[in-house]
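# A closer look at the structure
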Amino acid sequence: MKFGWINFFGALIIALILIPNIIYAIKNKEEKNLCKNTFMNAIEQIGRYSCIILMVFPLLVWEFGFSTVTEMIIYIAGNALLLFAYWFVFMLYFKKRTFKRALTLAIIPICIFLMSGLLLRHWLLVGFAVLFGAGHIYVTVENIKHLSKTN
């Protein structure tokens, strides 16, 4: 299976990741990023937005798709499983915020980006997924540490 210049599966994955985040942001308008490390905040944001763009647009990839049917099945099933887990943990997180749930919610999108990049041989996506992972985990841990001090 080959993709054109837009990966509609990737766009759907991004939309499904963003939906619970948008709901959370609307319900928690007063919540702010408490991480004071501007370098790690920048790394997280550069990685995040680059992954979002690269999941949809195969920039700098000459042949965008899977070399085997097995890879396509792993891509679809793996992303479906990870998205289900993400939504499930988000439902639990809406009920009670814990360090473990927050960290899980930070790690699952990283896994989605990494798996997608590896299976599609989209090395730029893999690189930005690693960058996003480092920044996102750091910022999440810092925010949860600060939130647990106030609760």
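A brief report on the enclosed structure follows. Starting afresh in each chain, residues are numbered from 1 along the sequence in its written order. Note on the predicted model: pLDDT of at least 70 is required for a residue's local features to be given, and 80 or more for side-chain atom pairs to be given and counted; whole-chain, interface and lining totals, by contrast, use all residues. Excluded from the side-chain calculation are hydrogens and water; included are all heavy atoms of the structure.

## Looking at unusual backbone geometry
One non-glycine residue with positive phi stands out, namely Arg121, at about 55°. Under the scheme used here, helices are H or I runs from DSSP no shorter than 4 residues and strands are E runs no shorter than 2 residues, and both carry numbers assigned from the N terminus. For Arg121, the location among the structural elements is in the loop between α4 (99-119) and α5 (123-150). Of the residues examined, Arg121 reaches a relative accessible area of 36% and is grouped as partly exposed. Relative accessibility decides the category of a residue: with a 1.4 Å probe and only protein chains considered, values under 20% of the type maximum give buried, values over 50% give exposed, and everything between is partly exposed.

## Remarks on the environment of Ala11
Positionally, Ala11 belongs in helix α1 (residues 8-27). Through-space distance from the C-alpha of Ala11 to that of Met55 is 6.7 Å; in sequence the pair is 44 residues apart. What Ala11 contacts, discounting residues up to four positions off in sequence, is Met55 and Val56. Should any heavy atoms of two residues lie within 4.5 Å, those residues are counted as being in contact.

## Examining the packing of helix α3 (residues 69-95) against α4
Where α3 contacts α4, the axes come no closer than 10 Å and their chain directions differ by 165°. Judged by the angle between their axes, α3 and α4 are roughly antiparallel. Along this stretch, α3 crosses α4, giving a crossing that reads as left-handed. Residue composition of the contact of α3 with α4, by class: 18 nonpolar, four polar and two charged. Interaxial angle, 0 to 180 degrees, is taken between N-to-C directions of lines fitted to C-alpha atoms, where a helix line uses only the stretch in contact. By definition in this entry, angles of less than 35 degrees are roughly parallel, angles greater than 145 are roughly antiparallel, angles of 65 to 115 are roughly perpendicular, and the rest are oblique. Helix crossings are classified by the rotation of the near helix relative to the far one: an anticlockwise turn of less than a right angle makes the crossing left-handed, while a clockwise turn makes it right-handed. Note on residue classes: Ala, Val, Leu, Ile, Met, Phe, Trp, Tyr, Cys and Pro are nonpolar, Asp, Glu, Lys and Arg are charged, and everything else, Gly too, is polar.

## Details of the nonpolar core
As used here, the term nonpolar core means buried Ala, Val, Leu, Ile, Met, Phe, Trp, Tyr and Cys residues forming a set that is joined through side-chain atoms within 4.5 Å. Counting 28 residues, the largest nonpolar core has Ile13, Ile17, Met55, Tyr93, Ile112 and Phe113 as the members making the most contacts within it. At the level of secondary structure, the elements contributing two or more residues to this core comprise α1, α2 (38-56), α3, α4 and α5. In terms of residue count, the dominant contributor to this core is α4 (eight residues). For Phe113, the contacting residues outside a window of four places in its chain are Ile14, Ile17, Cys51, Met55, Leu125, Ala129 and Phe132.

## Looking at the side chain of Ser116
Relative to the assigned elements, Ser116 resides in helix α4. Those residues within four positions of Ser116 in sequence are excluded, and the remaining contacts are Met55, Tyr75, Asn79 and Leu125.

## Here's the deal with the packing of α1 against α3
The interhelical angle for the contact between α1 and α3, taken along N-to-C directions, is 5°, at an axis separation of 10 Å. In terms of axis orientation, α1 runs roughly parallel to α3. Across the interface between the two elements, Phe9, Gly10, Ile13, Leu16, Ile17, Ile19, Pro20, Asn21, Ile23 and Tyr24 of α1 pack against Tyr75, Asn79, Leu83, Tyr86, Trp87, Phe90, Tyr93 and Phe94 of α3. Per-class residue counts for the contact of α1 with α3 are 15 nonpolar, three polar and no charged.

## Focus: the pattern of salt bridges
Salt-bridge detection follows one rule: a side-chain nitrogen of Lys or Arg within 4 Å of a carboxyl oxygen of Asp or Glu. According to the stated counting rule, one finds four salt bridges in the structure shown. Glu44 is paired through a salt bridge with Arg48; the nearest N and O atoms lie 2.9 Å apart. Here Glu44 and its partner Arg48 are both found in helix α2, four residues apart, which amounts to about one turn of the helix. According to the relative accessible area criterion, Arg48 is partly exposed, its value standing at 23%.

Honestly, it's all geometry; don't read function into it.
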